[in-house]
Amino acid sequence: MRTAPLAVVLLAIASAASAFQRETTDDPRCAEAPNVNCQHRGVPLEWRTFPVPFFVDADSSGLATGTVIEVAEDAFATWQNASRNGITFRFDGTTSVGGSNGDDGRNVIHFRPFVGGRDTFAQSILTYDVETGELLDVDVELNDNFSFAVLPSGQNDPTDPRVDLPSVLTHEAGHLLGLDHENRFGETVVMYFSDTTGNTSHRTLSGDDRSGVRTIYPTGGGDDGGDDDGDGGGCSAAGSAGGADRAAVVVLLLGLVATLRAARRR
Amino acid sequence: MIGRVGWAAILLVSVVAGARSSAHAGDPLEAIVAAASDAPLAVVGEAIRQESRWENGGIWTYTEFSVRRSIGEAVPSAILVRERGGEVDGIGQRVTHSRRIDASRPHLLLLWRDPETGEWLPGIGGILPLAVTASGETVDGVDLESVLGALAGVIR
């Protein structure tokens, strides 16, 4: 009798540690900061058909096209491997777009100068079905007011004005597959809201990132392609769109009440 | 009488609540001033009407915006603001990292001329909803007058 309510409490605490945030159809933006996540109120966004194709337009990147392609392929492979092929991607070629087009079903990575936002390295344009949350098109825009490069692995030097392209594309690929910023667990999380120049740490997924992609895209089986996961995937149980946090608090309180009542009946 | 199990549960709840409530935000005024760098215009006001439509593969929302305060370039009492994102016929489009103008609230907007259309376009971080408090209007928790004073120093 005493152990059952305690088990409920512990289960609620475990599920309250939701370690990722999903993009949804209704995400009012907020002033993000360390430990401050924005709300997610709508239907979670996700792809329904696979593989998810992508294209690369390296014009105005300052880099060789082959370099940008290789970095993009690696970024998507990182997430695909972490999902154990729950989501798969396919490089479909190069293109010259001149701008994002959310109506053509082509997910394009391209470079352009941003208006304002001089601290913003990149952004993604998500196009989706409002009712179902199905992602239809995602274009990734990189701000070519910055100088992008493939920095030496392991570098973390904010005085270097160059932006690490692999880190930025790994982060934006996270948005492309449906993850939003998770600001509660520090800068090691790839989906953390901010990054600095000269930093390569966001090439590597944290357990929280892995939990996110695996929750959205449960594995369908098959070889995981050399997944280097060694930490069990982080601390989450359910993580749908942040709503699990509120549900977990309710369960937590109910468990506490049950525990107290059980204790009083002794 | 609360037994050991009950106190353990209370302790666990306190730990979780404490961890989740601890926060140290960045400086919002600094972030607003940084977002306004190079902007020719900042306006305070409200949306009068909005319309979203597809244009060249993007969903754009046009907001007729009533201006009650402005810093920078001279503007009339109402301007047209064009922003990326919106919903049309069940299809939604959104820019990650960006807010949208909410017609139910007043805003501070940091604006640039759209190089393609010449219309006013919020820069990244340039859509800032106002909150009305007992002591006046605030922007991301900062008093509006303080924000406008800071912006007057960077917007020419």
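Here the structure is shown first, and the text comes after it.
Predicted model only: the values in this text are computed from it and were never measured.

1. Regarding the nonpolar core
Counting residues in each nonpolar core, the largest one holds 44 residues, and the members touching the most others are W79, F89, I109, L142, L169 and L177 of chain A. When contributions to this core are tallied by element, the ones reaching two or more residues are strand 2 (52-56), helix 2 (65-82), strand 4 (108-112), strand 5 (122-129), strand 6 (135-143), helix 3 (165-177) and helix 4 (207-216) of chain A. Take this core: its biggest share by element is eight residues, from helix 2 of chain A. If sequence neighbours within four positions are ignored, W79 of chain A has contacts with F89, T170, A173, G174, L177, L179, V190, M191, L205, D209 and V213 of chain A. Among the nonpolar cores identified, the runner-up in size contains 19 residues, and I32, A36, L128 and V147 of chain B belong to it.

2. Notes on the environment of R100 of chain B
Residues and elements named next belong to chain B. Relative to the helices and strands, R100 is located in the loop between strand 5 (91-95) and strand 6 (107-113). Taking the C-alpha atoms as reference points, R100 and T63, separated by 37 residues in sequence, lie 10 Å from one another. Non-local contacts of R100, meaning those with residues more than four positions away in its chain, are made with T61, E83, R84, G85, G86, H107 and I127.

3. Details of helix 4 of chain A
All names here are of chain A. In terms of burial, helix 4 is a largely internal element, nine of the ten residues being buried. Within the sequence span of helix 4, burial applies to G207, D208, D209, R210, S211, G212, V213, R214 and I216. Turning to helix 4, the residues buried within the fold contact strand 1 (21-22), helix 2, helix 3 and strand 9 (179-180).

4. Some words on the packing of helix 2 of chain A against helix 3 of chain A
A pair of packed helices can be characterised by two numbers: the angle between their axes and the separation between those axes. Residues and elements named next belong to chain A. Their axes nearest at 9 Å, the elements helix 2 and helix 3 cross at an angle of 50°. Between helix 2 and helix 3, the crossing angle belongs to the class labelled oblique. Seen along the crossing, helix 2 lies across helix 3 with a hand that is right-handed. Judged by residue contacts, V68, V71, A72, A75, F76 and W79 of helix 2 engage L165, P166, L169, T170, A173, G174, L176 and L177 from helix 3. Taken together, the residues of the contact of helix 2 with helix 3 break down into twelve nonpolar, two polar and no charged.

Cut-offs applied
- Residues numbered from 1 in each chain as written.
- Chains lettered and ligands numbered in written order.
- Predicted model: local features only at pLDDT ≥ 70, side-chain atom pairs only at ≥ 80, totals over all residues.
- Heavy atoms only, no water.
- Core = buried A, V, L, I, M, F, W, Y, C linked by side-chain atoms within 4.5 Å.
- Buried < 20%, exposed > 50% of the residue type's maximum accessible area, 1.4 Å probe, protein only.
- Helix = DSSP H or I, 4+ residues; strand = E, 2+ residues; numbered from the N terminus.
- Contact = heavy atoms within 4.5 Å.
- Axes fitted to C-alpha atoms, helices over the stretch in contact; angles between N-to-C directions.
- Parallel < 35°, antiparallel > 145°, perpendicular 65-115°, else oblique.
- Left-handed = near helix turned anticlockwise from the far one by under 90°.
- Nonpolar A, V, L, I, M, F, W, Y, C, P; charged D, E, K, R; others polar.

Keep in mind that these numbers describe shape and distance, not what the molecule does.
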